[in-house]
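# Commentary on secondary and tertiary structure
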Amino acid sequence: MYEIFADLHVHIGRSQNNKPIKITAARSLNFANIAKECRERKGIDIVGIIDSASPYVIEDIESFLKTGEAYEIKDGGIIYKDKVCIILGSEIETSEIGLNGKCGSAHNICFFPHLEDIKKFSSEMSTHIKNITLSSQRADISAYNLLDIVEKYNGILIPAHCFTPHKSFYGNCTDRLQKIFKEKYDRILAIELGLSSDTFLADTISELESKTFLTNSDAHSLPKIAREYNKILVEDISFTELVKALKNEDGRKIIANYGLDPKLRKIS
């Protein structure tokens, strides 16, 4: 077992051929540059790229694999230069019935072990999202239904930046995650805290007692990667090992989260 560092929420601004993915993210933020930044400057061992369901990004991933600098592994993930494990993910905005019956929306980050899994997920989600090529697009389904689709393709779903005032569950939709996920709540392994909370604050909510907490950068530029990150105890870098850590299984675990003080939280 050894300690590694992970940032599991990094966006892509543009594809390699300059197609827009995340409009508000830097143009230099593409799949290849993220891998290089994590290896050469940030010391990140596992990075979650959460725009990997875009068909434009899928094309970039396939091209990237052909360079020989990276390869897929059986336990899930893409290994770059034997140093960085890239976990393929997708951020999906779901449509929720919020407090007082009002319509709310929340972001979810979904991770998959293999390229083939996220390609199938992308294909199915294109029937629920108007523009699958863009990041964080709103789906016409709730997170309750999204969870089944994610798991159908061997993935996991994590509620994103849960306490942010906009586009989150606690900030925009509900006072209890159990009201959203109902009998499926036990299948949620972890939540992402976001800039509006930390472990101390989240620990005051009784329904989160069994959940693992993650703190990620939600990077919209290369310099922001690893602004927030997690220290994790694993046996190797892979999707399988990450899931075990989220489950606190076989000695794997999230050791610590490192993030900004919530007093500096996002307020708009």
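Everything in this summary refers to the structure shown in the same document. Remember, it's a predicted structure, so these values are computed and weren't measured experimentally. (Residues numbered from 1 in each chain as written. Predicted model: local features only at pLDDT ≥ 70, side-chain atom pairs only at ≥ 80, totals over all residues. Heavy atoms only, no water.)

### What about the overall build of the protein?
Scanning the protein from terminus to terminus reveals eight helices and eleven strands. In terms of overall dimensions, the protein is globule-like: its C-alpha atoms have a radius of gyration of 17 Å, near the 18 Å expected for 268 residues. Structurally, the protein occupies a C-alpha span of about 50 × 40 × 35 Å along its principal axes. A total of about 11700 Å² of accessible surface is found on the protein, and carbon and sulfur atoms cover 48% of it. For the protein, the separation between the mean place of its 35 positive charges and that of its 38 negative charges on side chains is 5 Å. (Helix = DSSP H or I, 4+ residues; strand = E, 2+ residues; numbered from the N terminus. Rg over C-alpha atoms; globule rule 2.2 N^0.38 Å. Areas by Shrake-Rupley, 256 points an atom, 1.4 Å probe, with all protein chains shown as cover. Lys, Arg positive; Asp, Glu negative; His and termini not counted. Charge placed at Lys NZ, Arg CZ, Asp CG, Glu CD.)

### So, helix 3 (residues 115–125)
Three or more residues of helix 3 are buried, namely Leu 115, Asp 117, Ile 118, Phe 121, Ser 122 and Met 125. Buried residues of helix 3, seen end-on, are gathered within an arc of 155° and therefore sit on one face of the element. Looking at the packing, one finds that the buried side of helix 3 touches helix 2 (55–66), strand 3 (70–72), strand 5 (84–97), strand 6 (103–112) and helix 4 (143–152). (Buried < 20%, exposed > 50% of the residue type's maximum accessible area, 1.4 Å probe, protein only. Arc of directions from axis to C-beta. Contact = heavy atoms within 4.5 Å.)

### What about the nonpolar core?
In this structure, Phe 31, Ile 34, Ile 86, Phe 121, Met 125, Phe 181 and Leu 208 are the most contacted members of the largest nonpolar core, which totals 63 residues. Beyond its immediate sequence surroundings of up to four residues, Ile 86 is in contact with Phe 31, Ala 35, Val 47, Ile 49, Phe 64, Gly 77, Ile 78 and Tyr 80. With 25 residues, the next largest nonpolar core counts Leu 8, Ile 46, Ile 87 and Ile 254 among its residues. (Core = buried A, V, L, I, M, F, W, Y, C linked by side-chain atoms within 4.5 Å.)

### Focus on helix 2
Between its first and last C-alpha atoms helix 2 spans 17 Å; for twelve residues at 1.5 Å apiece the expected length is 16 Å, and the two agree. Along helix 2, the residues that are buried comprise Val 57, Ile 58, Asp 60, Ile 61 and Phe 64. The arc enclosing the buried residues of helix 2, seen along the axis, measures out at 160°, which places them on a common side. Where helix 2 is buried, its residues meet helix 1 (31–42), strand 3, strand 4 (78–80), strand 5 and helix 3. In the stretch just after helix 2, Gly 68 is the one whose phi turns positive, near 85°. (Expected span 1.5 Å × (residues − 1).)

### A look at the pairing of strand 1 (residues 2–10)
Across five bridges, the pairing between strand 1 and strand 10 (residues 229–234) is antiparallel. Pairing of Ala 6 across the sheet is with Asn 230, part of strand 10. When strand 1 meets strand 2 (residues 46–49), the two strands line up parallel, connected through three bridges. Within strand 2, the position partnered with Val 10 by the bridge is Ile 49. Taken together, strand 1, helix 1 and strand 2 form a β-α-β motif whose crossover is right-handed. (Pairing = 2+ DSSP bridges. Right-handed = clockwise from strand over helix to strand, strands pointing away.)

### Topic: the side chain of His 11
Take His 11: it is sitting in the loop between strand 1 and helix 1. For His 11, a relative accessible area of 1% corresponds to the buried category. A polar contact is formed between the side chain of His 11 and the side chain of Asp 51, at a distance of 3.1 Å. At a separation of 3.0 Å, a polar atom in the side chain of His 11 contacts the side chain of Asp 218. Once residues within four sequence positions are removed from consideration, His 11 is found in contact with Lys 22, Leu 29, Ile 34, Ile 50, Asp 51, Glu 91, Ser 135, Ser 136, Asp 218, Ala 219 and His 220. (Polar contact = N/O pair within 3.5 Å; in protein donor to acceptor, adjacent residues only side chain to side chain.)

### Quick notes on the packing of helix 1 against helix 2
Interhelical geometry of helix 1 versus helix 2 gives an angle of 60° and a closest axis separation of 9 Å. In terms of axis orientation, helix 1 runs oblique to helix 2. Counted together, Phe 31, Ala 32 and Ala 35 of helix 1 and Val 57, Ile 61 and Phe 64 of helix 2 form the full contact between these two elements. Here the residues of the contact of helix 1 with helix 2 are counted per class, giving six nonpolar, no polar and no charged. (Axes fitted to C-alpha atoms, helices over the stretch in contact; angles between N-to-C directions. Parallel < 35°, antiparallel > 145°, perpendicular 65-115°, else oblique. Nonpolar A, V, L, I, M, F, W, Y, C, P; charged D, E, K, R; others polar.)

### Some words on the packing of aromatic side chains
For the coordinates displayed, the defined rule picks out seven aromatic pairs. Aromatic side chains Tyr 229 and Tyr 258 sit 4.9 Å apart centroid to centroid with 25° between the ring planes, which places their arrangement in the stacked category. In this pair, Tyr 229 sits in strand 10 while Tyr 258 sits in strand 11 (residues 253–258), placing the two residues 29 residues apart along the sequence. Overall, Tyr 229 belongs to the partly exposed group, its relative accessible area being 24%. (Phe/Tyr/Trp six-rings, centres within 6.5 Å; stacked < 30°, edge-to-face > 60°.)

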